[in-house]
Amino acid sequence: MTASLKSKTINALSWSFIETIGLQGTQFIIGVILTRILLPEQFGLIAMLAIFMAVAQSFLDSGFGSALIQKQDITQTDLSSVFYFNVVIGISAAGLLSIFAPYIASFYNQPELIALTRAMSLIIVINSFSLIQYTLATKNLNFKAITKVSVLSNVISGIIGISMAYNGFGVWSLVSQQISRSFLSAILFWFFNSWRPSLSFSMQSLKDMFGFGSRILASGLLNQIFNNLYLLVIGRIFTAVSLGFFTRAKSLSELPVNSLGLMVVRVTFPVFSSIQKDIPRVKNGM
């Protein structure tokens, strides 16, 4: 790889490492405090919705984010088309979650999940407005901005969640924490990124990218279903308390490995995508 690309890669990895350490630290502290205030079943109720939220999030991106990173010559039309597609899918997914909320609650025999599902569906809508900004920051290896957004949104939303939990809002403190984190991330990504959508949309542009994106979508769906299937089964067969304990233990045990893996992969993907046509450079870079 060229010296400039090496420099960008090292800089991106450095900021990705800082973000990983910062998120691990803040999430661990916030998690410990919330665990001391809230009941295990309240974490379990949120965990019951994990698989539905994960699948909806996978459909929201539909692989187009990865396709934009992989594509070398992206246009304003490409970006705007994916942006509007994301918004439509986000609103549709949230609508479907709201419609099926009574059935989800009936499946787990937890009536309070109706309101919780509909509230959590707002996260999908909010995320749809910032996926392009996040994708462009990743493609341009601007992990300094990503670090600022991630750490700030996690700290502020954590304070909101802890304050609400301390004042007796129970499970809604966890819901508010997640919604506020998504909202703050979206606002900050728009602040740190100058890109804005134009009034252009091309179905052909989406078709061209879907060839690559569809495979990412299929892979992502399988991965999310497999990773969250345990939560679905435990929540259905056992109690919310059991699921709450399992969720907290699982998230803490997997935090170091998942964070370190993500730190490297999300930097190397855009780097290798930028030199994909020069096979010897890709091999050398690998």
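Presented here is an overview of the structure given in this document. (Residues numbered from 1 in each chain as written. Predicted model: local features only at pLDDT ≥ 70, side-chain atom pairs only at ≥ 80, totals over all residues. Heavy atoms only, no water.)

### Some thoughts on the overall build of the protein
Summing up its helical and strand segments, the protein has 12 helices and 0 strands in all. Projected onto the principal axes, the alpha-carbon positions of the protein cover approximately 55 × 40 × 35 Å. Buried residues in the protein amount to 45% of all 286 residues. Residue pairs in contact within the protein that sit at least 24 positions apart in sequence constitute 85% of those at least 6 positions apart. (Helix = DSSP H or I, 4+ residues; strand = E, 2+ residues; numbered from the N terminus. Buried < 20%, exposed > 50% of the residue type's maximum accessible area, 1.4 Å probe, protein only. Contact = heavy atoms within 4.5 Å.)

### Topic: the pattern of salt bridges
The final tally for this structure, using the stated rule, is 2 salt bridges. Across the pair Asp-78 and Lys-71 runs a salt bridge whose closest N-O atoms are separated by 2.9 Å. Accessibility expressed as a relative area gives 4% for Asp-78, which makes it buried. A relative accessible area of 25% means that Lys-71 is categorised as partly exposed. Note that Arg-281 and Asp-278 form a salt bridge whose closest N and O atoms lie 4.0 Å from each other. With a relative accessible area of 30%, Asp-278 lands in the partly exposed category. (Salt bridge = Lys/Arg side-chain N within 4 Å of Asp/Glu carboxyl O.)

### Side note on a nonpolar patch on the surface
Residues Phe-28, Ile-29, Val-32, Ile-33, Ile-37, Tyr-166 and Leu-252 make up a contiguous nonpolar surface patch of about 660 Å² in total accessible area. Following the sequence through the fold, Ile-33 ends up in helix α1 (residues 3-37). (Patch = residues over 30% accessible without salt bridge, like charges linked within 9 Å, V, L, I, M, F, W, Y side chains within 5 Å. Areas by Shrake-Rupley, 256 points an atom, 1.4 Å probe, with all protein chains shown as cover.)

### A word on the packing of helix α3 (residues 50-61) against helix α10 (residues 203-237)
Contact geometry for α3 and α10: axes closest at 8 Å, N-to-C directions at 175 degrees. Taken together, the axes of α3 and α10 are roughly antiparallel relative to one another. Facing Ala-50, Ile-51, Phe-52, Ala-54, Val-55, Ser-58 and Phe-59 of α3, the residues of α10 in contact are Leu-217, Gly-220, Leu-221, Gln-224, Ile-225, Asn-228, Leu-229, Leu-231 and Leu-232. For the contact of α3 with α10, a count of residues per class yields 12 nonpolar, 4 polar and no charged. (Axes fitted to C-alpha atoms, helices over the stretch in contact; angles between N-to-C directions. Parallel < 35°, antiparallel > 145°, perpendicular 65-115°, else oblique. Nonpolar A, V, L, I, M, F, W, Y, C, P; charged D, E, K, R; others polar.)

### Examining the environment of Leu-184
If you trace the backbone, Leu-184 turns up in helix α9 (residues 171-192). Separated by 27 residues in the primary sequence, Leu-184 and Ser-157 have C-alpha atoms spaced 8.0 Å apart. Look past the residues within four positions of Leu-184 in its chain and what remains in contact with it is Ser-153, Ile-156 and Ser-157.

### As for the nonpolar core
Ranked by internal contacts, the top residues of the largest apolar core, which has 38 residues, are Leu-34 and Leu-113. At 7 residues, the largest contribution of residues to this core is made by helix α6 (residues 113-128). If near-sequence neighbours (up to four positions away) are discounted, Leu-34 is found in contact with Phe-43, Gly-161, Ile-162, Ala-165, Leu-174 and Gln-177. Counting 13 residues, the second-largest nonpolar core is a separate cluster that includes Ala-12, Phe-143, Ile-146 and Ile-275. (Core = buried A, V, L, I, M, F, W, Y, C linked by side-chain atoms within 4.5 Å.)

### Regarding the packing of helix α5 (residues 76-108) against α6
Following both chains from N to C, one finds α5 and α6 inclined at 170 degrees, their axes separated by 8 Å at the closest point. As far as their axial angle goes, α6 and α5 are roughly antiparallel. Seen along the crossing, α5 lies across α6 with a hand that is right-handed. A per-class count over the contact of α5 with α6 returns 15 nonpolar, 6 polar and 1 charged. (Left-handed = near helix turned anticlockwise from the far one by under 90°.)

### Some words on helix α7 (residues 131-139)
Of all 9 residues in α7, 7 are buried, a share of seventy percent or more. Buried residues of α7: Leu-131, Ile-132, Gln-133, Thr-135, Leu-136, Ala-137 and Thr-138, and no others. Directly after α7, the chain includes Leu-141, whose backbone phi takes a positive value near 60 degrees.

### Observations concerning the environment of Gln-224
Here Gln-224 lies in helix α10. For Gln-224, a relative accessible area of 27% puts it in the partly exposed group. For the pair formed by Gln-224 and Gly-44, sequence separation is 180 residues and the distance between their alpha carbons is 18 Å. For Gln-224, the contacting residues outside a window of four places in its chain are Ala-54 and Ser-58.

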